[in-house]
Structures are given as C-alpha cells and as structure tokens.
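The chain contents come next:
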Amino acid sequence: MCVKVSKPLPSQVIQGYRLSKSTVIYLLEKIEHILEFSDNRNNSIPPINQLLIALRYYATGNHLLAVADMGGTSLATSSRIVKRVSQAIVSLRREFIIFPDTNRDQDRVKIDFYDIARFPNVLGCIDCTHVKIQSPGGDDAELFRNRKGYMSINVQTIASAKLLVQDVVARWPGSTHDSAIYQNSYIYRKFERGEYGDSHLLGDSGYPLKPHLLTPYLNPTTSGERKYNEAHIRTRNVVERQYGVLKRRFPVLAVGIRLALNNAINVIIACCIFHNICILRNEQQPVNNDDVPNLEELIARGQINNMAFSDRPSLSYGFRRNQITQYFDNL
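From a predicted model like this one, the values you see are computed outputs, not experimental measurements. (Residues numbered from 1 in each chain as written. Predicted model: local features only at pLDDT ≥ 70, side-chain atom pairs only at ≥ 80, totals over all residues. Heavy atoms only, no water.)

Enquirer: Explanation requested: the overall build of the protein in the structure shown.
Expert: Assigned secondary structure in the protein consists of 14 helices and five strands. When burial is assessed residue by residue, the protein has 51% of its 331 residues classed as buried. Contacts in the protein between residues at least 24 apart in sequence constitute 70% of all its contacts with a sequence separation of at least 6. Just so you have it, the protein exposes about 16,800 Å², and 49% of that area is on carbon and sulfur atoms. (Helix = DSSP H or I, 4+ residues; strand = E, 2+ residues; numbered from the N terminus. Buried < 20%, exposed > 50% of the residue type's maximum accessible area, 1.4 Å probe, protein only. Contact = heavy atoms within 4.5 Å. Areas by Shrake-Rupley, 256 points an atom, 1.4 Å probe, with all protein chains shown as cover.)

Structural data, given as structure tokens:
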C-alpha cells in the first residue's frame, strides 16, 4: 500500500522554521560550501538537513533531544550540527550586520529615524537585552548571574528605524552594566574619534550622556524638554520593538540556550543575522503575542527615570542635547 505524504504548506514552513522556503534556499546557497563534507562516509548529513535542524532549534528553543528526534539524528550529532551551522552563519556577519559608514547610508538612516518623531541626526538606538544561558561553570560563573537572579549574556544591539541589527556585542556576562558594554565597544571608540561627525545614538538614561549618545531628561521642566523626551522615547522605541520581533521569531533567545558558552554566543549572533535577512527579504513578522511597549509603559518601566547617572552633565557633554532641546522648543 502506498502512502502519500503531503508537502507542508508555506505557513507551516514559516511556523516550524521561522523562514520561508525561498529564504531557506537563499541561506543554503550562502553556507552550503561550508557545511558540505568532503566525502559520504558514515552517511554524512546533507547541508540542507543540517540547516533545517539548526533552524528548528532556533525556532523552538527546545531541548536538543527533541530537535534530534525531529531530525532523525542522535543528540550528539544534533549538538554538533547546531554548533557547525551557527559558526557558518556567523561567517556572514560582515555581509548582513552593517553599521552605516558612508555618507549616503548615514543620510538614509537619518531620514528613516527623522520620519518617526522628527528627531535629527540619529544613526541608531542602543540598548541591551539578556539572553538566558546555562551556567558556564568555572571560577567566574557567578559573573553571568544578572540582577534578576539567572545566568545570562547581556547582549547589546544598535537598531535602525527598520529594526535591522546594525551592530551586536554578545560576549559580556549578565552582571555587566549596559554602559560598561558600550564604553568598551568598537562603535564607542569610533564615535569618540569623531568619525560620525554630528551624528548620534539614542539610549535610555542608564547610559551616560555623551555628545554622541543622547539620553532623556530625568525631570523635564520646559516645553522643549518635554517635546525632546517624547520624541526621544518614540524614536528609541525601535530597539524595544527589535527585541520583541527578534525573540518572537527565534524563541531560543527568549527561553534560553542550553549550550556551551561559545556556542551560545554564536547562536545569538546567528539569530541576529537571520533577523536582518528576514527584514531585507520582506519575510512576514512572527505573530505578536506580546504588545509592543508604548510610551506610557516605557515610562512605567522606568526607562526614562533611571537614576544610574546624574541629570546634570558637564557643559560640554550637555551642549548637544541642549541644542536639540532648543530645536524641539521651536517646533
């Protein structure tokens, strides 16, 4: 008796792997040469099967044993496949995670941000999010325990107005403060050297106020300061939305990664690369189970009332923010 096996519908492919069939094939063409084995000894697993196993892990966050059962492989083999595919995807980092360096790209990004709430000269919005991991072990394991009590990697990203990940830093323990991550990053050094002129990033008040990093007023008193804060929060909300879409698309980032530390870091970066590919290829966004935070929710969560830094910066550091405040006061 012949049993007919029906092909999965496009919606089922997206639900199971978070990518459409065409995008899976597009990715396969990018990394197939890395995943191919030199011979077929021991019935080596084809690159497409390796990619689908890794995607299934990213898309569910299940134990590797469940992913292995789905892929018809052993637990050890699935673990090696996820490691191998993640490394292959990370090799595409320079192609898909790009901070705007040319004048043309910068102008395009600034226009996109300006269209949100008329905030000028914004190149990106910066924030950090915690990705849960298993204890890495060793003498420094407790460094990974964050203020909420679980082990994590504190991941910094810079978002574009279109929710693209323009930069990602995914190597710092969960106990590390957001501002420390930024001030030890390559992007920070480039801004400090003045490579981006009068352009700036937007961050919450957990970051120190800098000429290139603008934070909200903690206690706005004038009309200009209130307009500045409102535009700042509406514009900076893209990074919150980016995390929402990223973790809904790849739930492994939300439920936690049960892999060795270096492999967990590669999974995080690989998911950011996939996220950018999805946006560039107009993939449909995952179902929104959690509402995107609005202005009132951001205020209630303390993201514009964080006393980690003083609201009385030095004159040189506050000058840029004062200029933009005056601009909003005249609108």
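Still more to cover.
Enquirer: So what exactly am I meant to see when it comes to the pattern of salt bridges here?
Expert: Pairing between side chains becomes possible if they bear opposite charge and their charged atoms approach one another. Using the criterion set out here, one finds eight salt bridges in the structure. Arg 108 is the salt-bridge partner of Asp 105, the closest N and O atoms lying 3.5 Å from each other. Of this pair, Asp 105 and Arg 108 are both found in helix α7 (residues 103-117), three residues apart, which corresponds to roughly one turn of the helix. With a relative accessible area of 43%, Arg 108 lands in the partly exposed category. Between Glu 195 and Arg 193 there is a salt bridge, with its nearest N and O atoms 2.8 Å apart. One network of salt bridges, with partners in common, ties together Asp 101, Lys 190, Arg 193 and Glu 195. (Salt bridge = Lys/Arg side-chain N within 4 Å of Asp/Glu carboxyl O.)

Enquirer: How should the environment of Leu 164 be read in this particular structure?
Expert: Tracing the backbone shows Leu 164 in the loop between β2 (152-159) and β3 (165-173). Separated by 66 residues in sequence, Leu 164 and Ile 98 have C-alpha atoms that sit 9.1 Å apart. If we ignore the near neighbours within four places in the chain, the residues touching Leu 164 are Ile 158, Ala 159, Gln 242, Asn 276, Ile 279 and Leu 280.

Enquirer: I tried to follow the sheet that holds strand β5 (residues 213-214) on my own but got confused; where do I start?
Expert: Consider a sheet: its strands pair through backbone hydrogen bonds, and that pairing is either parallel or antiparallel. Strand order in the open sheet formed by five strands is β3-β2-β1-β4-β5, and the pairing between neighbours is mixed. In this open sheet, the two strands that pair with only one neighbour each are β3 and β5. Sheet analysis places β2 next to β3, joined by six bridges and oriented antiparallel. Residue pairing across strands places Ile 153 opposite Pro 173, the latter belonging to β3. Along the sheet, α7 makes contact with β1 (122-132), β2 and β3, crossing β1 at roughly 75°. (Pairing = 2+ DSSP bridges. Axes fitted to C-alpha atoms, helices over the stretch in contact; angles between N-to-C directions.)

Enquirer: Looking at this structure, I do not really get the packing of aromatic side chains. What am I missing?
Expert: This structure, assessed with the given rule, holds ten aromatic pairs. For the ring pair Phe 99 and Phe 191, a centre distance of 6.1 Å and an interplane angle of 80° mean the geometry is edge-to-face. With Phe 99 in the loop between α6 (93-96) and α7 and Phe 191 in helix α9 (residues 186-192), this residue pair connects regions lying 92 residues apart in the sequence. On the basis of relative accessibility, which here comes to 6%, the residue Phe 191 falls in the buried class. Seen from their ring centres, Phe 99 and Tyr 196 are 5.3 Å apart, and the 70° between their planes marks the pair as edge-to-face. One end of the pair, Phe 99, is in the loop between α6 and α7; the other, Tyr 196, is in the loop between α9 and β4 (200-202), and 97 residues separate them in sequence. For Phe 99, a relative accessible area of 7% gives the class buried. On the basis of relative accessibility, which here comes to 4%, the residue Tyr 196 falls in the buried class. The aromatic ring of Tyr 26 is capped on one face by Arg 281, whose charged end is 4.5 Å from the ring centroid. (Phe/Tyr/Trp six-rings, centres within 6.5 Å; stacked < 30°, edge-to-face > 60°. Lys NZ or Arg CZ within 6 Å of the ring centre and 35° of its normal.)

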